[in-house]
Amino acid sequence: MNRITRTLALTLLAPALVLVACKKDSDNYTETADTTAVAATPTTDTTAVPAPPPAAATVSDAQIAAIVLAANTVDSTAGEMAKQKGTNPAVKQFGQTMVTDHGGVNKQAVALAGRLNLTPEENPTSTQLTQGGQQSGTQLSGLTGAAFDRAYIDHEVEYHQTVLDAIDQTLIPNAQNAELKALLQQTRPAVAAHLEMAKNLQKTLQGS
Amino acid sequence: MATRRGIRGALAAAALAAAAGACAAGGHAPERHQIEIRAFVFAPDAQAARPGDTLVFVNHDAVPHTATAADGSWDTGTIPADSTKTVVVPARGGRDYRCAIHPTMTGRVTRPD
């Protein structure tokens, strides 16, 4: 795992740890059997991050809304950079797709939040997603050519895997409002498709 | 009489046109088949259709998709979120198709029994 990828993985893993920590400290703590939220992240450098306590995170609907918005915005921003700096046409196209798709999901999320009168509430996860996106953006901006293409796609594989894990293990299980839960369930296939597309591109770039 | 002959002629022409259309479709009247796009899946993923039939793609997702023949012989173009696009099955052309934006989404037009 290269330096940027490791940093991204740690950055994206951190919110899960924070969520777990928040969960432990919360008043309405409830024990669950799901202990795989962090351990299941396959690319995590486990030597650098302590193992999480055996608990799943709890987040409110308002916090979930903020996480969804942050996650989509971060990847949309990265996509914009790929459109500008990418050299491989497939990488540039992938960046465009991320801008379009994550923009579309965010539009849907904003509309739903408005309809539900739900004000997105910033929380450690949304904040760290945003900060992690800024950090990875800084790192990616220092690269050019094929090195940028590879680092960006590596980032996308890591990012979508982490977001997918978060959707499955934290966001969907905690969503209380049925429409919000449905939005997350509708978003999941998009993230899964993006992950597959990024993995395929990763293989292509490794072979070139 | 002239008017009656004109009506008869028009009816005959319409019948001929209908027959020609049926011939173009292999002896069958063209049909419409609806394919739903939901959660990044074409449903049904295999649709029986004849050349001349119309495929109606309805995109229920929040993001745009396409239905594009793998060999490029037909293409709906971009189907925006919550929109519908149609395409007529050509006499010759690929039967496998995919979303050009999300290539993991695939479908197939099969030949009716």
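What counts, and at which threshold
- Residues numbered from 1 in each chain as written.
- Chains lettered and ligands numbered in written order.
- Predicted model: local features only at pLDDT ≥ 70, side-chain atom pairs only at ≥ 80, totals over all residues.
- Heavy atoms only, no water.
- Contact = heavy atoms within 4.5 Å.
- Buried area = accessible area lost by both parts, 1.4 Å probe.
- Salt bridge = Lys/Arg side-chain N within 4 Å of Asp/Glu carboxyl O.
- Polar contact = N/O pair within 3.5 Å; in protein donor to acceptor, adjacent residues only side chain to side chain.
- Helix = DSSP H or I, 4+ residues; strand = E, 2+ residues; numbered from the N terminus.
- pLDDT = per-residue confidence, 0-100.
- Buried < 20%, exposed > 50% of the residue type's maximum accessible area, 1.4 Å probe, protein only.
- Pairing = 2+ DSSP bridges.
- Axes fitted to C-alpha atoms, helices over the stretch in contact; angles between N-to-C directions.
- Parallel < 35°, antiparallel > 145°, perpendicular 65-115°, else oblique.
- Left-handed = near helix turned anticlockwise from the far one by under 90°.
- Lys, Arg positive; Asp, Glu negative; His and termini not counted.
- Expected span 1.5 Å × (residues − 1).
- Bend = angle between axes of the 7 residues up to and from the residue.

A. View of the interface of chain A and chain B. With 12 residues of chain A at the interface, the matching set in chain B holds nine residues. Buried area between chain A and chain B, both sides added, is near 810 Å², and the carbon and sulfur share of it is 75%. Between chain A and chain B we count zero salt bridges in total. Seen at the junction of chain A and chain B, the total is one residue pair in polar contact (both at pLDDT 80 or more). Going through the elements one at a time, α3 (89-116) and α6 (178-207) of chain A are the ones with two or more residues in the side of chain A that touches chain B.

B. Representation of the confidence of the model for chain A in the model. Residues and elements named next belong to chain A. Confidence in the prediction of chain A, expressed as mean pLDDT, is 80, and 73% of residues score 70 or more. Mean pLDDT values over the elements of chain A span from 39, in helix α1 (residues 3-25), up to 97, in helix α2 (residues 61-85). A low-confidence stretch, residues 1-55 (pLDDT under 50), is modelled with 76 contacts involving residues beyond four sequence positions or located in other chains.

C. Summary view of the pairing of strand β8 (residues 106-110) of chain B. Residue and element names in this part refer to chain B. Only one face of β8 is covered, namely the face carrying G107 and V109; the face carrying T106, R108 and T110 is uncovered. As defined by bridge partners, strand β3 (residues 46-48) adjoins β8 across three bridges and the pair is classed as parallel. In the strand pairing of β8, A46 is matched with R108.

D. Structural view of the packing of α2 of chain A against helix α5 (residues 145-174) of chain A. Residues and elements named next belong to chain A. Two numbers describe how α2 lies on α5: the axes approach to 11 Å, and their chain directions differ by 165°. Classified by the angle their axes make, α2 and α5 are roughly antiparallel. In this structure, α2 crosses over α5, and the sense of that crossing is left-handed. Between α2 and α5, the contacting residues are D61, I64, I67, A70, A71, V74, D75, A78, G79, M81, A82 and K85 on the first element and F148, Y152, H155, E156, Y159, H160, L171 and N174 on the second.

E. A look at the side chain of D61 of chain B. All names here are of chain B. As for its placement among the helices and strands, D61 is situated in the loop between β4 (54-59) and β5 (68-69). Buried charged residue D61 carries no salt bridge. Nearest counter-charge: R38, at 7.1 Å. Looking at D61, its side chain comes within polar contact range of the main-chain nitrogen of F40, at 2.9 Å. Residue contacts for D61: discarding those within four places in its chain leaves I37, R38, A39, F40, A81 and D82.

F. Spotlight on unusual backbone geometry. Residue and element names in this part refer to chain B. Between A43 and the following residue, P44, the backbone shows a cis peptide bond with an omega angle of 0°. Locating P44 in the fold gives a position in the loop between β2 (41-43) and β3. Even without being glycine, A39 reaches a positive phi, approximately 55°. By the secondary structure assignment, A39 is in the loop between β1 (32-38) and β2. Its identity is not glycine, yet F40 carries a phi of approximately 65°, on the positive side. Inspection of the secondary structure puts F40 in the loop between β1 and β2.

G. Seen up close, the pattern of salt bridges. The tally for this structure, following the rule as stated, stands at four salt bridges over all chains. For K83 of chain A, the salt bridge is made with E80 of chain A, and the minimal N-O distance between the two is 3.5 Å. Within this pair, K83 of chain A and its partner E80 of chain A are both found in helix α2, separated by three residues, close to a single helical turn. D96 of chain B is the partner of R108 of chain B in a salt bridge, and the nearest nitrogen-oxygen pair spans 2.8 Å. Note that R108 of chain B is positioned in strand β8 and D96 of chain B in strand β7 (residues 96-98), a separation of 12 residues in sequence. Given a relative accessible area of 38%, R108 of chain B falls into the partly exposed group. Overall, the relative accessible area of 38% leaves D96 of chain B in the partly exposed class.

H. Spotlight on the confidence of the model for chain B. Residues and elements named next belong to chain B. Summary statistics for chain B give a mean pLDDT of 83 and a share of 76% for residues scoring 70 or more. Low pLDDT, under 50, characterises residues 13-25; the predicted model gives this stretch seven contacts beyond four residues in sequence or across chains. This prediction of the complex comes with two scores: 0.75 for pTM and 0.71 for ipTM.

I. Structural view of α5 of chain A. Residue and element names in this part refer to chain A. In a regular helix each residue adds 1.5 Å, so 30 residues correspond to 44 Å; α5 covers 41 Å between its end C-alpha atoms and thus fits that length. The principal kink in α5, of about 45°, is found at I167. Taken across its 30 residues, α5 has 23 buried, putting it largely inside the fold.

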